[in-house]
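The lines below spell out each chain.
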Amino acid sequence: MKRLPSWAYGVISIFSFLVFWAVGIYFSEIKIVMPGPWQVIIGFLRSFIRPIGRHTMTVHILYSLMRVVPAYIVGSLVGVTLGILMGWYAPVNAFFRPIYELIRPIPPIAWIPISIVWFGIGEGSKWFLIFLAAFVPVTLNSISGAKSVDPLLIKCGEMLGASKNYIFRSIVLPFSVPYIFSGLQVGLAGAWATVVAAEMIRSSEGVGWIIISSMDTNDVTQSLIGIMGIGIVGFLLAIIMRKTEDYLCAWTIREG
Amino acid sequence: MPPLGGIYKYFMNRRFLNLTLSLLSIVLFIGIWHLCTAVLQIVPSNTLPSPERVFQSFIKKFTNPNPDGATLIQHTVASLNVALTGYAWALLIGLPLGIIMAWIPLVDRFVRPLFDLLKPIPGVAWIPLMIVIFGLGIASKAAVVFFSAVVPCVLNSYTGIKQTKDVHLWVARTFGASNIQKLFTIAIPTALPHILTGTRVALGAAWVAIVAAELLGATRGLGFMIQQSRGIFRTDIIIVGMFAIGICGGILTTILTWISNLLLKGRR
């Protein structure tokens, strides 16, 4: 018992969860509406071959990713640029801060109704929402990144005769990278949650659609299959982001 | 001319310039909005109403239950009620779970994989399942809020406890403290700032989750209000609702920040 490898605990833990689920279903009234675990897992695997609605799981995931990725990239680029400038140049901060503070507390999900009015029910409204979901946290973290540059480093640079531009490029930017990455991480999780919500409100394909169409047809198995898909993709996105960060800023020491 | 020079100097200092810029940005923002909607009428008013119209609707919505059946206050109370119920459950379960996971390695090894599995699933995705299990009432929405808020509670209390310094624990052991004493007098106080940050993040998540849940199925609440107004093209009420959501979220966070500063007084 003492020296089990850590993956063994994971296997035991997940397996016992599934057994608990199966037993719970078997012995209670809930089995009328809830499927058992094996049914869901088999259904999930089968959804890659046999379509749910009009598409297979792979295509649904690709649809959702097609909505997330472009808007996320644009939102992050704008967020990083604006955030660094706001953190470093006080006048820029003074000018954009009030408008940013107006937008910041409104969750991206609350933009869904108005984005549908403005951009229609197509891809436009989803891109807009994901842009916001990425833009807000990335900007916030970039600001705090550029603000928390060690003043000693800047003074050293000035003493050694570096120009303002040079200090910005070679001290402020690299210093902010870890902060920016934590913003990117938060933004990516937010963007993924937002696309699910947006697809649940209005769409005809994508992982959010799997969930919402299961609500219309009262198919709990499909709902759980959708949850599995969303969870796995969200998990993979977070891992990719983390690996990129490890690769790009191998020199930082992550706290906590 | 010394006096004029003094005035010039006073007005041209950095802080004053920045304040002017901030004011200018607000004026420009509202000005352009006003110009495009009310004066030039480039955008139709049911796509983007003028700022005056939004302001009027905001005042009117406090007393007027039309067109969606409840006043702004009633909607806000309905949303807060559900959000805080779910949030309270998340605190009650999430914080002890995170603390126990960090304190007892065996629990950590068993619970962590399951937790990692459920963590990346956004709260919204649980909605249909929760409706099947808990029905259409407050319980299903509170459950969705719970799923969104519990993750930051667990994560932050876990990291907080893990940051306890070994030296402190060694000192306690030298003086013969029991495991429970070590937990309550060293680990939890060390973790308190982290835990409180977690509760703040969780509150934000809870507020977002309730809006999402109400967009999909509710008869009252701010999310319901904006979704309903979209159906009848009352864009002014959508914008009022968005601001109300933003303001409420801001107020909740401020209250919690104030409470945590009170709790943490003299610790840092």
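Novice: Can you explain the overall build of chain A? Please cite residues and give values.
Specialist: Check the secondary structure of chain A and you find ten helices and zero strands. Listed by position from the N terminus, the elements making up chain A come as α-α-α-α-α-α-α-α-α-α. For 256 residues, the compact-globule estimate of 2.2 N^0.38 gives 18 Å, and the C-alpha radius of gyration of chain A, at 23 Å, exceeds that figure by more than 25%. C-alpha extents for chain A along the principal axes are approximately 75 × 60 × 30 Å. Within chain A, the proportion of its 256 residues that are buried is 40%. Contacts in chain A between residues at least 24 apart in sequence constitute 71% of all its contacts with a sequence separation of at least 6.

Novice: Which residues make up the packing of helix α2 (residues 37-46) of chain A against helix α10 (residues 220-248) of chain A, and what values do they have?
Specialist: All names here are of chain A. Following both chains from N to C, one finds α2 and α10 inclined at 65°, their axes separated by 9 Å at the closest point. Considering the relative orientation of α2 and α10, their crossing is right-handed. For the pair α2 and α10, contact is made by Gln 39, Val 40, Gly 43 and Phe 44 and by Thr 221, Leu 224, Ile 225 and Met 228, respectively. Partitioning the contact of α2 with α10 into residue classes produces five nonpolar, three polar and no charged.

Novice: Could you give an account of the interface of chain A and chain B, with specific residues and numbers?
Specialist: Each partner contributes residues to the interface: chain A has 46 residues there, and chain B has 42 residues. Among the elements that make up the side of chain A that touches chain B, the one with the highest residue count is α10 of chain A (ten residues). Broken down by class, the residue content of the side of chain A that touches chain B amounts to 36 nonpolar, nine polar and one charged.

Novice: Any details on helix α9 (residues 207-217) of chain A? Residues and values, ideally.
Specialist: With respect to burial, α9 of chain A is a largely interior element, eight of its eleven residues being buried. Looking at α9 of chain A, one finds that the buried residues are Val 207, Gly 208, Trp 209, Ile 210, Ile 211, Ile 212, Ser 213 and Ser 214 of chain A. Residues of α9 of chain A that are buried in the fold lie against α3 (57-88), α8 (164-201) and α10 of chain A together with α6 (127-134) of chain B. Asn 218 of chain A occupies a position one or two residues after α9 of chain A and carries a positive phi of about 60°.

Novice: Could you give an account of the environment of Leu 264 of chain B, with specific residues and numbers?
Specialist: Residue and element names in this part refer to chain B. By the secondary structure assignment, Leu 264 is in the segment after α11 (235-263). On the basis of neighbour count, Leu 264 is assigned to the exposed category, with 12 C-beta atoms found within 10 Å. The spatial distance from the C-alpha of Leu 264 to the C-alpha of Arg 230 is 44 Å, given a sequence separation of 34 residues. Here Leu 264 is in contact with Leu 192, Pro 193 and Leu 196, once residues within four sequence places are set aside.

Novice: Please set out the nonpolar core residue by residue, giving values where relevant.
Specialist: Residues Ile 130 of chain A together with Val 145 and Ala 206 of chain B are the most contacted members of the largest nonpolar core, which totals 126 residues. For this core, the leading source of residues is helix α9 (residues 179-216) of chain B, giving 18 residues.

Novice: Kindly report on the environment of Thr 81 of chain A, identifying the contributing residues and their values.
Specialist: With respect to the helices and strands, the residue Thr 81 of chain A is situated in helix α3. The spacing of Thr 81 of chain A and Glu 158 of chain A is 77 residues in sequence and 23 Å in space, taken between C-alpha atoms.

Novice: Break down the confidence of the model for chain B for me, citing the residues and quoting the values.
Specialist: Residues and elements named next belong to chain B. For chain B, the average pLDDT comes to 87, and 94% of its residues sit at 70 or higher. Element-level pLDDT for chain B is lowest in helix α1 (residues 2-11), with a mean of 60, against a maximum mean of 93 in helix α4 (residues 72-103). Predicted complex, confidence summary: ipTM 0.83, pTM 0.86.

Novice: How would you sum up unusual backbone geometry? Please name residues and give values.
Specialist: When glycine is set aside, most residues are seen to have a negative phi, and most peptide bonds are trans. Look at Asn 218 of chain A: it is not a glycine, yet its phi comes out positive at around 60°. For Gln 41 of chain B, which is not a glycine, the phi torsion comes out positive at approximately 55°. Mapped onto the secondary structure, Gln 41 of chain B falls in the loop between α2 (14-39) and α3 (51-61).

Novice: A description of the domain arrangement of chain B should follow, citing residues and the corresponding values.
Specialist: Its domain assignment divides chain B into domain 1 (2-43) and domain 2 (72-263). The centre of domain 1 of chain B, based on its C-alpha atoms, is set 40 Å off from the matching centre of domain 2 of chain B.

Conventions used here
All residue numbers here refer to positions counted from 1 along the written sequence of the relevant chain. Lettering for chains starts from A, numbering for ligands starts from 1, and both go in the order in which the items are written. With the structure being a predicted model, the display of local features is reserved for residues of pLDDT at least 70 and the display and counting of side-chain atom pairs for 80 or more, all residues being used for whole-chain, interface and lining totals. Secondary structure elements are defined from DSSP: runs of H or I of at least 4 residues count as helices, runs of E of at least 2 residues count as strands, and each element is numbered from the N terminus. The globule rule is 2.2 Å times the number of residues to the power 0.38, and the radius of gyration it is compared with is taken over C-alpha atoms. Put plainly, a residue is buried at 20 or more neighbouring C-beta atoms within 10 Å of its own, exposed at 12 or fewer, and partly exposed in between, counting only other residues' C-beta atoms, which are placed from the backbone. Each residue gets a C-beta atom placed from its backbone, and two residues are in contact if those atoms lie within 7 Å. Angles shown run from 0 to 180 degrees and are taken between the N-to-C directions of axes, each axis being a line fitted to C-alpha atoms and, for helices, limited to the stretch in contact. Left-handed is the label given to a crossing in which the near helix is rotated counterclockwise from the far helix by less than a right angle, and right-handed is the label when the rotation is clockwise. Residue classes follow a fixed rule: Ala, Val, Leu, Ile, Met, Phe, Trp, Tyr, Cys and Pro count as nonpolar, while Asp, Glu, Lys and Arg count as charged, and any other residue, Gly among them, counts as polar. For the purposes of this analysis, a nonpolar core is taken to be any set of buried Ala, Val, Leu, Ile, Met, Phe, Trp, Tyr and Cys residues that are connected through C-beta atoms within 7 Å. pLDDT expresses, on a scale from 0 to 100, how confident the predictor is about each individual residue. What counts as a domain boundary in this text is fixed by an automatic or database domain assignment.

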